[in-house]
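Read off the chains here:
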Amino acid sequence: MEKSSESSQENKSKKYLNIVQEALMLFFTILVSVVASYFYQKTVIQIAGIGILAAAGCGSVLFAIEQSREKSTFLFDNADHQGRFTAVYLLFLLGCILFPLLPAGGWPYLVVFIGLMLFSNQNIGLSAGTVLLMITVLIQGSETGTFFVYFVGGLVGITVFSYLDETFKVWMPLIISLLVQMVCLWVQEILSVNEVLSIQLFMIPTVNILVCVILLLILLKFFSFAIIYGSRDIYMDINDPECPLLVELKAFSKEEYYHAIHTAYLCDRIAKRLKLDDAVAKACGYYHRIGVLKGENSWEKVSSIMQEYHFPVEVQTILKEYTDKSEKVISRETVVLLFCDTVISSISYLFSKEPKMEMDYQKIIDAIFKKKMESGIIDNSRLSFGELQEMKQILVEEKLYYDFLR
């Protein structure tokens, strides 16, 4: 009861903090856009219009944040650190009112869109970037073509960087986004003049791209150290068999504890062979039945423990697919967990009936795969047929390990 009360209090505090941060975002968006419009000598009607549009745009960003929180669609561990996004948003908000001092072709909005996306998700990043771009365009009084040039560049940047994962392979999305931004800016410069083409037309867009390269490298470097490698430390803690939560599980039920240990071992082996996220898969193997500590292994119980111990969002997403019967199995790591858990459960059950019996592991695993595939539970998963067959082969190869289950 004490832990439940503490968890409830922590959730209330977190919710209150999120409300305060969102209120600050709305307040400063309106204030900064209105004050900036005044200093850029806009008329009263224009100032009012910019303020209203900024408020409406920020409202859509806040709605996207709430929706993402409800559906757990934040990237990385951003759901637990909304303060980072708020800080980045306010920083870029200040930048957006300074950009009108530069030529229209010199705004580094590619960095803004990608930065906002990395600290939230694709939907929030696109919404917030578009609002800030709108404020800049309205304050400077630029043509609508300028808006669409940066919007398309930001859209492409968010799209290619949305595939970023813990391996953090950034060079391909970086090159693609910069090339598209450069082409868009050059096209804008060419279409906006009636003069003969000259090298001077390409100077400002080229400088813009160079600035974007420098700023993106700084942003990505900070992001990798603060979040990507930071999350690796979290996995080192939760994937330790002596982790306090696993020690608690062992005290509660040795059978559940050793089941988790064996499942995590197989998940780790398969994930490495299939080049999946082995740290995430291993963590899911350890904690896929952690809800038993609260009476039953429902998603509600598992989720409360995940929130209490601040588990990475990737682990929570997979365990939700696994424990919530209303969810479709989509992630490849979820499929791995599903088969590893079933194999360990089936062999353990057979050994509990007859410890000294000689088993045909090939036959058992074949039967498990046939039953799961016929059930349709993995029909929507991203795991290919080739990967499925390789996973089956790996499980068959672990014959010696299964003797530990006797």
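One can find the structure itself at the top, above this paragraph.
Now for a look at the structure at hand.

A few points about the overall build of the protein
Inference 1: The secondary structure content of the protein amounts to 16 helices and zero strands.
Inference 2: Dimensions of the protein, computed from the C-alpha atoms along their principal axes, are close to 85 × 50 × 35 Å.
Inference 3: By the burial criterion, 50% of the 406 residues in the protein qualify as buried.
Inference 4: Excluding contacts between residues fewer than 6 apart, the proportion of contacts in the protein whose partners are at least 24 apart in sequence is 72%.
Inference 5: Per element, the accessible surface of the protein, about 20,600 Å² overall, is 64% carbon and sulfur.
Inference 6: Here the protein carries 35 positive and 43 negative side-chain charges, and the mean point of each set is 4 Å from the other.

Here's the deal with the nonpolar core
Generally speaking, nonpolar side chains in soluble globular proteins are found buried as a group.
Inference 1: Residues Tyr287, Met391, Leu395 and Tyr402 are the most contacted members of the largest nonpolar core, which totals 62 residues.
Inference 2: Ranked by residues supplied to this core, first place goes to helix α14 (residues 332–353) with ten residues.
Inference 3: Discounting residues that sit within four places of it in the chain, methionine 391 has contacts with Ile270, Leu274, Val335, Val336, Phe339, Phe369 and Leu383.
Inference 4: By size, the runner-up hydrophobic cluster in this structure holds 61 residues, among which are Ala54, Ala64, Phe92 and Val170.

Structural notes on a nonpolar patch on the surface
Inference 1: The grouping of Tyr16, Val20, Leu24, Phe27, Phe28, Leu31, Val35, Tyr38 and Phe39 at the surface amounts to a nonpolar patch, some 920 Å² of accessible area in total.
Inference 2: Here tyrosine 38 lies in helix α1 (residues 2–39).

Topic: helix α4 (residues 109–118)
Inference 1: Most of α4 sits inside the fold, with ten of its ten residues counted as buried.
Inference 2: All of the buried residues in α4 are Tyr109, Leu110, Val111, Val112, Phe113, Ile114, Gly115, Leu116, Met117 and Leu118.

Digging into the side chain of asparagine 239
Inference 1: Looking at the secondary structure, you find asparagine 239 in the loop between α8 (203–238) and α9 (244–252).
Inference 2: At 3.3 Å, the side chain of asparagine 239 forms a polar contact with the backbone nitrogen of alanine 283.
Inference 3: Discounting chain neighbours no more than four positions away, the residues touching asparagine 239 are Ala279, Lys282, Ala283 and Tyr286.

A few points about the packing of aromatic side chains
Inference 1: Under the counting rule described, the total for this entry stands at 20 aromatic pairs.
Inference 2: Aromatic pair phenylalanine 99 and tyrosine 109: ring centres 5.2 Å apart, planes at 75°, arrangement edge-to-face. Of this pair, phenylalanine 99 sits in the loop between α3 (82–98) and α4 while tyrosine 109 sits in helix α4, and the two are ten residues apart along the sequence. The exposure classification of phenylalanine 99 matches that of tyrosine 109, with both residues buried.

Describing the environment of alanine 48
Inference 1: Within the secondary structure, alanine 48 is located in helix α2 (residues 44–71).
Inference 2: Look at alanine 48 and you get partly exposed, because its relative accessible area is 39%.
Inference 3: Put simply, alanine 48 and tyrosine 38 are ten residues apart on the chain and 10.0 Å apart in space, counted from C-alpha to C-alpha.

Details of the packing of α4 against helix α6 (residues 144–161)
Inference 1: One way to put it is that α4 packs onto α6 with a least axis distance of 8 Å and a crossing angle of 40°. Relative to α6, α4 is oriented oblique. Considering how the two elements wind past one another, α4 and α6 form a crossing that is right-handed. Within the contact between the two elements, α4 uses Tyr109, Leu110, Phe113, Ile114 and Met117 and α6 uses Tyr150, Phe151, Gly153, Gly154, Gly157, Ile158 and Phe161.
Inference 2: Residues that form the contact of α4 with α6 fall into these classes: nine nonpolar, three polar and no charged.

A word on unusual backbone geometry
Inference 1: With a phi close to 60°, glutamine 41 is a non-glycine residue in the positive phi region.
Inference 2: You can see glutamine 41 is positioned in the loop between α1 and α2.
Inference 3: Backbone geometry places lysine 275, a non-glycine residue, at a positive phi of 60°.
Inference 4: Inspection of the secondary structure puts lysine 275 in the loop between α10 (254–273) and α11 (278–287).

Details of the state of the cysteines
Inference 1: For the coordinates displayed, the defined rule picks out zero disulfides.
Inference 2: Cysteine cysteine 58 is unpaired, with the sulfur of cysteine 96 as its nearest cysteine sulfur at 11 Å.
Inference 3: Left unpaired, cysteine 212 is separated from the closest cysteine sulfur, that of cysteine 184, by 12 Å.

What to know about the environment of valine 336
Inference 1: Considering the arrangement of structural elements, one finds valine 336 in helix α14.
Inference 2: Residues valine 336 and aspartate 268 lie 68 residues apart in sequence; the distance between their C-alpha atoms is 9.4 Å.
Inference 3: Residues within four places of valine 336 in sequence aside, it is in contact with Cys267, Ile270, Leu276 and Met391.

Description of the pattern of salt bridges
Inference 1: Taken as a whole and judged by the stated rule, the model has eleven salt bridges.
Inference 2: Salt-bridge contacts for glutamate 397 lead to arginine 273; the nearest nitrogen and oxygen are separated by 3.5 Å. Taken together, the residues glutamate 397 in helix α16 (residues 385–397) and arginine 273 in helix α10 connect sequence positions 124 residues apart.
Inference 3: Exposure remark for glutamate 397: the relative accessible area of 45% places this residue in the partly exposed category.
Inference 4: A relative accessible area of 38% places arginine 273 in the partly exposed class.
Inference 5: Several salt bridges converge on common partners, so that one network encompasses Glu22, Glu66 and Arg69.

Conventions we followed
- Residues numbered from 1 in each chain as written.
- Predicted model: local features only at pLDDT ≥ 70, side-chain atom pairs only at ≥ 80, totals over all residues.
- Heavy atoms only, no water.
- Helix = DSSP H or I, 4+ residues; strand = E, 2+ residues; numbered from the N terminus.
- Buried < 20%, exposed > 50% of the residue type's maximum accessible area, 1.4 Å probe, protein only.
- Contact = heavy atoms within 4.5 Å.
- Areas by Shrake-Rupley, 256 points an atom, 1.4 Å probe, with all protein chains shown as cover.
- Lys, Arg positive; Asp, Glu negative; His and termini not counted.
- Charge placed at Lys NZ, Arg CZ, Asp CG, Glu CD.
- Core = buried A, V, L, I, M, F, W, Y, C linked by side-chain atoms within 4.5 Å.
- Patch = residues over 30% accessible without salt bridge, like charges linked within 9 Å, V, L, I, M, F, W, Y side chains within 5 Å.
- Salt bridge = Lys/Arg side-chain N within 4 Å of Asp/Glu carboxyl O.
- Polar contact = N/O pair within 3.5 Å; in protein donor to acceptor, adjacent residues only side chain to side chain.
- Phe/Tyr/Trp six-rings, centres within 6.5 Å; stacked < 30°, edge-to-face > 60°.
- Axes fitted to C-alpha atoms, helices over the stretch in contact; angles between N-to-C directions.
- Parallel < 35°, antiparallel > 145°, perpendicular 65-115°, else oblique.
- Left-handed = near helix turned anticlockwise from the far one by under 90°.
- Nonpolar A, V, L, I, M, F, W, Y, C, P; charged D, E, K, R; others polar.
- Disulfide = S-S within 2.5 Å.

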